[in-house]
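Okay, here's what each chain looks like letter by letter:
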Amino acid sequence: SQKIEQNSEALNIQEGKTATLTCNYTNYSPAYLQWYRQDPGRGPVFLLLIRENEKEKRKERLKVTFDTTLKQSLFHITASQPADSATYLCALNYGQNFVFGPGTRLSVLP
Amino acid sequence: DAEITQSPRHKITETGRQVTLACHQTWNHNNMFWYRQDLGHGLRLIHYSYGVQDTNKGEVSDGYSVSRSNTEDLPLTLESAASSQTSVYFCASSGQAGETQYFGPGTRLLVL
């Protein structure tokens, strides 16, 4: 069955630094991958989508890479701010549905 | 503005009782999904629907059922609630299969 791992359950970084979150998967080949943000007590909110033929995607301070050989996606937040503190989920398409990773809780310290 | 809502937001029930969680979306999306979220497991798919009268089982469907009688609603029923079903439940919708999903605010269910 498909398995998705995200680098760590929690990640603490200093304000202004770049946060890098990792999503690794095994046992299948998704056509595309999404990243979501989830704040406590709320549902996930879509951030970025990247397709298998795209190496990199950017949106403001966010950057996503997708390496189908390594079966890995990296999610970067540059110039991080305390407001970026949240849980970040990666999701890979499986057929017409998605499989979600367990998430990484990011804390940006002032 | 289009939205997706869930009710109730919090529910406490007893083991063995039937519980129904409501999900309503005004996006006019064909696809609707129910997930449960537990510590250490992330979001797991319970049931999904690609249109009216269409329902499908997800990864963790045992003990749950759904029905789709119109585009806007996909209620989730726990036939006989069990303590293992204590969780946070999220409903989501998307316009096309595999597209971005829009999530509701969640329902926190406690089964005693």
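Everything that follows concerns the structure shown earlier in this document.
Residues numbered from 1 in each chain as written. Chains lettered and ligands numbered in written order. Predicted model: local features only at pLDDT ≥ 70, side-chain atom pairs only at ≥ 80, totals over all residues. Heavy atoms only, no water.

This brings us to the overall build of chain B. Assigned secondary structure in chain B consists of 0 helices and 11 strands. Sequence-ordered secondary structure for chain B, helices as α and strands as β, is β-β-β-β-β-β-β-β-β-β-β. Relative to the 2.2 N^0.38 estimate, which gives 13 Å for 112 residues, the radius of gyration of chain B is 13 Å and therefore close to what a compact globule would have. When the backbone C-alpha atoms are referred to their principal axes, chain B occupies close to 35 × 25 × 25 Å. (Helix = DSSP H or I, 4+ residues; strand = E, 2+ residues; numbered from the N terminus. Rg over C-alpha atoms; globule rule 2.2 N^0.38 Å.)

Let's shift gears to the side chain of Asp38(B). All names here are of chain B. Looking at the secondary structure, you find Asp38 in strand S4 (residues 31-38). One polar contact links Asp38 to Ser87, side chain to side chain, over a distance of 2.8 Å. In contact with Asp38, other than residues within four places in its own chain, are Arg44, Thr86 and Ser87. (Polar contact = N/O pair within 3.5 Å; in protein donor to acceptor, adjacent residues only side chain to side chain. Contact = heavy atoms within 4.5 Å.)

Before going further, it helps to spend a moment on the pairing of S4(B). Residue and element names in this part refer to chain B. Within S4, 8 of the 8 residues are buried, which leaves it mostly tucked inside the rest of the structure. Alternating residues of S4 divide into Asn31, Phe33, Tyr35 and Gln37 and Met32, Trp34, Arg36 and Asp38, and every residue in both groups is buried. Judged from the 7 bridges that link them, S4 and strand S9 (residues 87-94) form a sheet pairing that is antiparallel. Counterpart to Arg36 in the pairing with S9 is Tyr89. (Buried < 20%, exposed > 50% of the residue type's maximum accessible area, 1.4 Å probe, protein only. Pairing = 2+ DSSP bridges.)

On to the layout of surface pockets, then. The calculated volume of the largest pocket comes to roughly 730 Å³. When residues of the lining of the largest pocket are traced back to their parent elements, those giving at least two are strand S1 (3-6), strand S9 (86-94) and strand S11 (104-109) of chain A together with S4, S9 and strand S11 (107-111) of chain B. Looking at which element gives the most residues to the lining of the largest pocket, the answer is S9(B), with 3 residues. Each residue belonging to the lining of the largest pocket can be placed in one class, and the counts come to 7 nonpolar, 14 polar and 8 charged. (1 Å grid on protein atoms, 1.4 Å probe; cavity = no way out; pocket = protein on both sides within 12 Å on 5 of 7 lines; lining within 4 Å. Points joined across faces, edges and corners; volume = space filled by probe spheres on them. Nonpolar A, V, L, I, M, F, W, Y, C, P; charged D, E, K, R; others polar.)

What follows deals with the nonpolar core. Counting 25 residues, the largest nonpolar core has Ile4(A), Trp35(A), Phe75(A), Tyr88(A), Leu92(A) and Leu106(A) as its most contacted members. For this core, the secondary-structure elements that each account for two or more residues are strand S2 (10-14), strand S3 (19-26), strand S4 (32-38), strand S5 (45-51), strand S7 (62-67), strand S8 (72-77), S9 and S11 of chain A. If near-sequence neighbours (up to four positions away) are discounted, Tyr88(A) is found in contact with Gln6(A), Leu21(A), Trp35(A), Tyr36(A), Arg37(A), Leu47(A), Phe75(A), Ile77(A), Gly103(A), Thr104(A) and Leu106(A). Ile4(B), Cys23(B), Met32(B) and Leu78(B) belong to the second-largest nonpolar core, a separate cluster that totals 18 residues. (Core = buried A, V, L, I, M, F, W, Y, C linked by side-chain atoms within 4.5 Å.)

Before going further, it helps to examine the sheet that holds strand S6 (residues 56-59) of chain A. Residues and elements named next belong to chain A. With antiparallel pairing, 5 strands are arranged side by side in an open sheet as S1-S3-S8-S7-S6. With partners counted over all chains shown, the strands left at the sheet margins are S1 and S6, one partner each. Across the sheet, the mean angle separating the axes of adjacent strands is 15° when strand polarity is ignored. Sheet topology note: the S6/S7 ladder contains 4 bridges and is antiparallel. (Axes fitted to C-alpha atoms, helices over the stretch in contact; angles between N-to-C directions.)

Okay, the pattern of salt bridges next. Residues and elements named next belong to chain A. A complete count under the given rule lists 8 salt bridges over all chains for this structure. Among the ionic pairs, Arg37 bridges to Asp39, the shortest N-O distance being 3.0 Å. Of the residues examined, Arg37 reaches a relative accessible area of 18% and is grouped as buried. (Salt bridge = Lys/Arg side-chain N within 4 Å of Asp/Glu carboxyl O.)

Right, let's get into the state of the cysteines. All names here are of chain B. Per the counting criterion, the structure on display carries 2 disulfides over all chains. The side chain of Cys23 participates in a disulfide bridge whose partner is Cys91; the two sulfur atoms lie 1.8 Å from each other. Here Cys23 and Cys91 share a disulfide; its torsion about the S-S bond, -70°, makes the bridge left-handed. With Cys23 in strand S3 (residues 19-25) and Cys91 in strand S9, this pair connects stretches of sequence that are 68 residues apart. Of the two residues, Cys23 and Cys91, neither departs from the other in class, the shared state being buried. (Disulfide = S-S within 2.5 Å.)

Here we take up a nonpolar patch on the surface. On the surface, Ile12(B), Leu110(B) and Leu112(B) cluster together into a nonpolar patch covering about 310 Å² of accessible area. Relative to the helices and strands, Leu112(B) is located in the segment after S11. (Patch = residues over 30% accessible without salt bridge, like charges linked within 9 Å, V, L, I, M, F, W, Y side chains within 5 Å. Areas by Shrake-Rupley, 256 points an atom, 1.4 Å probe, with all protein chains shown as cover.)

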